[in-house]
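Residues per chain are reported as follows:
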Amino acid sequence: MSFVQFRPAPPLRDSIATIWDWRVEPGEFRLERILPSPGAGLIVNLFEDETRVYADDATRRCERTEGCALNGQALRSFLIDTREQIAVMGVIFRPGGAAHFLREPMQRLADTHASLSALGLTGVGALRERLLNTLDATARIALLEGWLRERYRPDAVHPAIAWALRTLEASPCVARVDGLVAASGYSARRFGELFQQQVGAGAKAYARLLRFRATIDAMERGRRIEWSRIAADCGFHDQPHLVREFRAFAGMTPGEYALRRGPDVNHVALT
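Residues numbered from 1 in each chain as written. Predicted model: local features only at pLDDT ≥ 70, side-chain atom pairs only at ≥ 80, totals over all residues. Heavy atoms only, no water.

Walk down a regular strand and you will see the side chains alternate between the two sheet faces. The buried fraction of strand β9 (residues 87-93) amounts to six of the seven residues, a majority that puts the element mostly inside the structure. Here strand β2 (residues 16-23) runs beside β9; their pairing, made up of seven bridges, is antiparallel. If you follow Thr18 over to β9, its bridge partner there is Ile92. Pairing analysis gives five bridges linking strand β4 (residues 41-45) to β9, with the strands arranged antiparallel. The residue of β9 that forms the bridge with Val44 is Met89. (Buried < 20%, exposed > 50% of the residue type's maximum accessible area, 1.4 Å probe, protein only. Helix = DSSP H or I, 4+ residues; strand = E, 2+ residues; numbered from the N terminus. Pairing = 2+ DSSP bridges.)

Moving on to the pairing of strand β6 (residues 62-65). Bridge analysis of strand β5 (residues 51-55) against β6 gives four bridges, and the strand direction is antiparallel. Counted as the bridge partner of Val53 is Glu63 from β6. Linking β5 back to β6 in an antiparallel pair, the connection comprises six residues, with Arg60 at a positive phi of about 50 degrees.

A word on the layout of surface pockets. Put simply, the largest pocket is a space of about 1,300 Å³. Taken together, 47 residues form the lining of the largest pocket, with Trp20, Ile34, Ile80, Asp264 and His267 sitting closest to its centre. Counting residues per element, the ones that place at least two in the lining of the largest pocket are β1 (2-6), β2, β3 (31-34), β4, β5, β8 (78-81), β9 and β11 (267-269). Class assignment for the residues of the lining of the largest pocket results in 25 nonpolar, 14 polar and eight charged. The computed volume of the second largest pocket comes to approximately 660 Å³. Taken together, 25 residues line the second largest pocket, and the ones lying closest to its centre are Arg94, Pro95, Leu165, Glu169 and Tyr206. Within the residue set of the lining of the second largest pocket, elements represented by two or more residues are β9, α3 (159-170) and α6 (203-221). Sort the elements by how many residues they give to the lining of the second largest pocket and α6 lands first, with five residues. (1 Å grid on protein atoms, 1.4 Å probe; cavity = no way out; pocket = protein on both sides within 12 Å on 5 of 7 lines; lining within 4 Å. Points joined across faces, edges and corners; volume = space filled by probe spheres on them. Nonpolar A, V, L, I, M, F, W, Y, C, P; charged D, E, K, R; others polar.)

Quick look at the sheet that holds β5 now. What the five strands build is an open sheet, ordered β6-β5-β8-β3-β11; its pairing is antiparallel. Across the chains shown, the open sheet's two edge strands, defined by having one partner strand only, are β6 and β11. Averaged over all pairs of adjacent strands, the angle between strand axes in this sheet comes to 35 degrees, irrespective of strand direction. Strand direction decides the pairing type here: β3 and β8, joined by four bridges, are antiparallel. Counterpart to Arg33 in the pairing with β8 is Leu79. (Axes fitted to C-alpha atoms, helices over the stretch in contact; angles between N-to-C directions.)

Next up, the structure:
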């Protein structure tokens, strides 16, 4: 198994958290639940020219895209097929960061998975071909970084939205959307439109997602999980509120997650 990740230099650093490269020996078919997190993601499958994701519900509906695909801002969990996760690269965008590279309004991509070529990005096929012919992981990451740098638009995110995202990140458990709207100087309607266009979620839904992620972080920090304390610290009204919100985002209760979580906090193997 090989996993290499890289944090790009400015100006990409403000919109991309990390670029990663993953290699593993083929294994048996297994579905894994992927938990939602702030920011969109880009996937390049170098094992086969297809990416498959499944609905995290009773239908297990399979959504197929080309090997180079974008995962829009997720507000609910989805499933992946680990049998195709053999040779994969990815980009984790910071919240709002994908807007620097795409002209598509981000709310149209929320909770969806789209082929990059369908989003108007040029040179996608040539990029994948060059990555296939590059044997070194570090060189592949540099190649992908260069391709992204050529498509970067520096002023894509509205200053009021960039400020709101920073404010929410600094205090995910206490920040209130009404206060952000008032401080922005825009009407609630205009602020909401801008936020959805550039983040891919409504501001209130995004704030709920941050509280969900704060819950996971609190669970990872503590050896002994005290649910009432976590609920209070993460901004929930009470423990039942925490359970309802966790289930809505993760497709399972926090207790089930605590029992089944593995080394990667965002991946949960299905039994």
